[in-house]
Amino acid sequence: MSVQASEISTSFAGPLGGFSLDVAFKMPMRGITALFGPSGCGKTTTLRCMAGLQHLPGHFIVGEEVWQDSAKGVFVKTHERPLGYVFQEASLFQHLTVRQNLLYGARRAGDAPTSDALDFDAIVELLGIGHLLERSPVALSGGERQRVAVGRALLSRPRILLMDEPLAALDRMTKEEILPYFERLHESLALPIVYVSHDIGEVARLADTMVLLAKGRVIASGPLTTLQTDPSLPLVAAPDAAVMLEGHVAHVDEDFALTHFTVPGGTLIVPGRQGAPGRERRLRIAASDVSFTLTAATDTTILNCLPARIVSIDGLNSEAQVNIIAALGADGSGARIAARITRKSQTALGLAPGTSVFAQIKSVALVR
């Protein structure tokens, strides 16, 4: 078993009642790794094994720290693992104020060293909870309670933060309220975060890496965009299929309030003034917003028309539609995007793997 200091290695296998788990994957020591899949696929069980709350044979190694290695008889108990755990329910101490709940996490940390520690004031500011410090948890909204729970976990100075569907109990409006704070965690912390969810929208918005689970097994793992454009995986066939790209601000058109983002293989235009040149933002392209033409369109309202090359075509088990993966750039060496078009259009244009096209992207959404 070879593990690098820059990665986390996970492997658990065994029965739990009528359920059997058999997972093995690696993830980076920075960023958000999402455990994604339908209910009952083993996401929470895997997370609980990481925390030591459940014990199945295998190993869990965080950088150079071995928290479990069944082959060597090593198993570090949960309370001895420097981790933070955020549950679906905030589980705050009702008899303590928000400030006292947060300080409880700090007391648990003691003098534990960490390379990415944030002090009390920094975490309060990061999560936008300064105005809540003297309130009782019973006076908070669901979103506020979860932000306090995250703050308490961070103040324990964890080596890794585990989040078990932290937005599952919240309504859509509250989710939209709290997601920007989770994005700020991603941008501000070098801490690795494992995020369990069955909501692809949350995963696409937050995650860098994805572990795709089904029936207690790992179907695939790797960078989010790689899995989103893998035609062998179910993500491409999903009704709301989309691809996330990392873009850098190249230019702001002040006359028309448009921002030009460079992505591998081309430039995408997004409405609004989105920051100074060089700023990195995440862009979302829905498969339903992509069409193709064999020649560059000129008289069109669609601003994004980029040369690309068809990589793969999948029948989608449908008589009417096909899924297409295309790589941006005239030579097809750029970022990959997904498209869903009619079979009739594919036949009319003679589209096949290797065909040079122009990808017309009707809408590019700015995510972060």
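Keep in mind it's a predicted model, so treat the numbers as computed, not measured.

Cut-offs applied
- Residues numbered from 1 in each chain as written.
- Predicted model: local features only at pLDDT ≥ 70, side-chain atom pairs only at ≥ 80, totals over all residues.
- Heavy atoms only, no water.
- Helix = DSSP H or I, 4+ residues; strand = E, 2+ residues; numbered from the N terminus.
- Buried < 20%, exposed > 50% of the residue type's maximum accessible area, 1.4 Å probe, protein only.
- Pairing = 2+ DSSP bridges.
- Disulfide = S-S within 2.5 Å.
- Axes fitted to C-alpha atoms, helices over the stretch in contact; angles between N-to-C directions.
- Phe/Tyr/Trp six-rings, centres within 6.5 Å; stacked < 30°, edge-to-face > 60°.
- Lys NZ or Arg CZ within 6 Å of the ring centre and 35° of its normal.

**Q** Is there a simple way to think about unusual backbone geometry in this case?
**A** Glycine aside, residues mostly have negative phi angles, and peptide bonds mostly take the trans form. In this structure, Arg-157 is a non-glycine residue whose phi angle is positive, near 55°. With respect to the secondary-structure elements, Arg-157 resides in the loop between α4 (142–155) and β8 (160–164). Judged by relative accessible area, which is 35%, Arg-157 ranks as partly exposed. Backbone geometry places Lys-215, a non-glycine residue, at a positive phi of 55°. Here Lys-215 is to be found in the loop between β10 (209–214) and β11 (217–223).

**Q** When you look at the sheet that holds strand β13 (residues 258–263) in this model, what are you seeing that I'm missing?
**A** Hydrogen bonds between backbone groups are what pair the strands of a sheet, and the pairing can be parallel or antiparallel. In spatial order, the strands read β14-β13-β12-β15-β21; together these five strands make up an open sheet with antiparallel pairing. Among the strands making up the open sheet, the edge pair consists of β14 (266–271) and β21 (365–366). Bridge count between strand β12 (residues 242–253) and β13: five bridges; the pairing is antiparallel. Bridge assignment links Asp-253 to a residue of β13, and that residue is Leu-258.

**Q** Just checking my understanding: could you explain the pairing of strand β18 (residues 321–328) for this structure?
**A** Working note: regular strand, side chains alternate between the two faces of the sheet. Within β18, seven of the eight residues are buried, which leaves it mostly tucked inside the rest of the structure. Where strand β17 (residues 304–314) meets β18, six bridges bridge the pair, whose relative direction is antiparallel. Bridge assignment links Asp-314 to a residue of β18, and that residue is Asn-323. The pairing of β18 with strand β19 (residues 336–342) spans seven bridges and is classified as antiparallel. Paired with Ala-326 across the two strands is Ile-337, which belongs to β19.

**Q** Would you take a moment to explain the state of the cysteines for this structure?
**A** Note: disulfide means a covalent bond formed between the sulfur atoms of two cysteine side chains. For the coordinates displayed, the defined rule picks out zero disulfides. Counting only cysteine sulfurs, Cys-49 is the nearest neighbor of Cys-41, a cysteine outside any disulfide, at a range of 13 Å. Cys-41 gets classed as buried once you look at its relative accessible area, which sits at 1%. By relative accessible area, which is 0% here, Cys-49 ends up buried.

**Q** Is there a simple way to think about the sheet that holds strand β20 (residues 356–361) in this case?
**A** Strand order in the open sheet made by the five strands is β16-β20-β17-β18-β19, with antiparallel pairing throughout. Edge positions in the sheet fall to β16 (290–293) and β19, since each of these pairs with one other strand and no more. Direction aside, the axes of adjacent strands within the sheet are offset by 45° on average.

**Q** What is the right way to read the packing of aromatic side chains from this model?
**A** For any pair of aromatic rings, the description consists of the separation of the ring centres together with the inter-plane angle of the planes. Scanning all chains against the criterion turns up five aromatic pairs. Here a set of aromatic residues connected by ring pairs shows up, and it is made of Phe-12, Phe-60 and Trp-67. Lying over the aromatic face of Phe-75, Arg-81 brings its terminal NZ or CZ to 4.9 Å of the ring centre. Above the plane of the ring of Phe-93 lies Arg-152, whose end atom (NZ or CZ) is 5.2 Å from the centre.

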